[in-house]
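Coordinate analysis (summary)
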Amino acid sequence: MIRHALAGDTAALVAIGEATGIFRPHEAEGLLGATLDAIHAGQLGEGHQAHVWVEGPEVPPAGWVYFAPTPNANGVWDLWWIGTDPARQGRGIGSQLLGFVEDRARAAGGRLLLVETSSQPALDPTRRFYANRGYVECGRVPDFYGEGDAKVIFAKRLRPVARPGADDDPT
Ligand SMILES: CC(C)(COP(=O)(O)OP(=O)(O)OC[C@H]1O[C@@H](n2cnc3c(N)ncnc32)[C@H](O)[C@@H]1OP(=O)(O)O)[C@@H](O)C(=O)NCCC(=O)NCCS
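Residues numbered from 1 in each chain as written. Predicted model: local features only at pLDDT ≥ 70, side-chain atom pairs only at ≥ 80, totals over all residues. Heavy atoms only, no water.

Looking at an unreviewed UniProt entry, one finds the chain named Acetyltransferase (GNAT) family protein, with Aquisphaera giovannonii as its source organism.

Below, the structure is given as structure tokens:
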């Protein structure tokens, strides 16, 4: 099941963040831990939310996702981070979390969901994960994360669009 992240989940989520390799060890606590603390303290504003996938009420989370509306944009949402415990990857948890985000954003009037990731070969499976779920690569910023490591931007349209010339839009 998917539920709101609680303050008591933070240590487990930081551990998953480190284990997935999204964050370097010294970054996970500062970035993910601090972001979760800020969400729980209500400091990040309405719409910022972190949710976890848990097998049951008394077990630690196996995956988590953090997303928020994009500031000053009309119906655009950002998927900031998503991660599944490496021991549990490939079993549908990430897909459920991603679908949950899409449903939440859509219900709040969202039109587009954006995801940014790295061009590194190690992230090939992650980019396929998004592409296989309807995300369209919209651009790259060369050398964004480091020399030779581009930022890859994916977008998914959350609701149908009815206007001429929309063929090249993310669907
Ligand atoms: C990307 C990620 C969130 C997917 O979660 P998941 O629980 O493994 O996802 P699912 O089981 O629902 O789906 C598996 C799909 O993801 C792909 N995948 C990506 N990384 C994978 C991994 N390490 N192990 C297994 N499958 C992986 C599989 O190829 C599969 O694709 P397909 O169903 O389209 O053929 C997860 O693999 C992960 O945490 N990766 C590392 C962190 C990361 O890259 N986060 C995103 C940063 S932008």
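Each helix and strand counted, the chain has four helices and seven strands in total. Each helix and strand of the chain, ordered N terminal to C terminal, gives the series β-α-α-β-β-β-α-β-α-β-β. Across the 171 residues of the chain, 43% fall into the buried class. Sequence-distant contacts in the chain: of pairs separated by 6 or more residues, those separated by 24 or more amount to 55%. Side-chain charges of the chain comprise 16 positive and 21 negative groups, with the mean position of each set lying 7 Å from the other. (Helix = DSSP H or I, 4+ residues; strand = E, 2+ residues; numbered from the N terminus. Buried < 20%, exposed > 50% of the residue type's maximum accessible area, 1.4 Å probe, protein only. Contact = heavy atoms within 4.5 Å. Lys, Arg positive; Asp, Glu negative; His and termini not counted. Charge placed at Lys NZ, Arg CZ, Asp CG, Glu CD.)

This part covers the site of the ligand. Around the ligand there are 21 residues in total, and Gln89, Gly92, Ser95, Thr126 and Asn132 lie nearest to it. With respect to the ligand, the backbone of Arg91 contributes an N or O atom lying 2.9 Å from an oxygen atom. In this structure, an oxygen atom belonging to the ligand sits 2.5 Å away from a side-chain N or O atom of Ser95. Put simply, the parts of the chain that give the shell around the ligand at least two residues each are β4 (76–84), α3 (93–107), β5 (112–118) and α4 (124–131). Of the residues forming the shell around the ligand, the biggest block, four residues, is contributed by α4. Looking at the shell around the ligand, its residues break down into seven nonpolar, eleven polar and three charged. Inspection of the shell around the ligand shows a minimum of three residues originating in each of domain 1 (1–68 + 84–107) and domain 2 (111–171). (Near = heavy atom within 4 Å. Polar contact = N/O pair within 3.5 Å; in protein donor to acceptor, adjacent residues only side chain to side chain. Nonpolar A, V, L, I, M, F, W, Y, C, P; charged D, E, K, R; others polar. Domains from an automatic or database assignment.)

This part covers the UniProt feature "domain: N-acetyltransferase" (unreviewed entry) in the chain. The residues that UniProt annotates with the feature "domain: N-acetyltransferase" (unreviewed entry) are residues 1–159. Here residues 1–159 is 31% helix and 32% strand, with 25 Å between the C-alpha atoms at its ends. (UniProt positions renumbered as here; feature names shortened; annotations may be inferred.)

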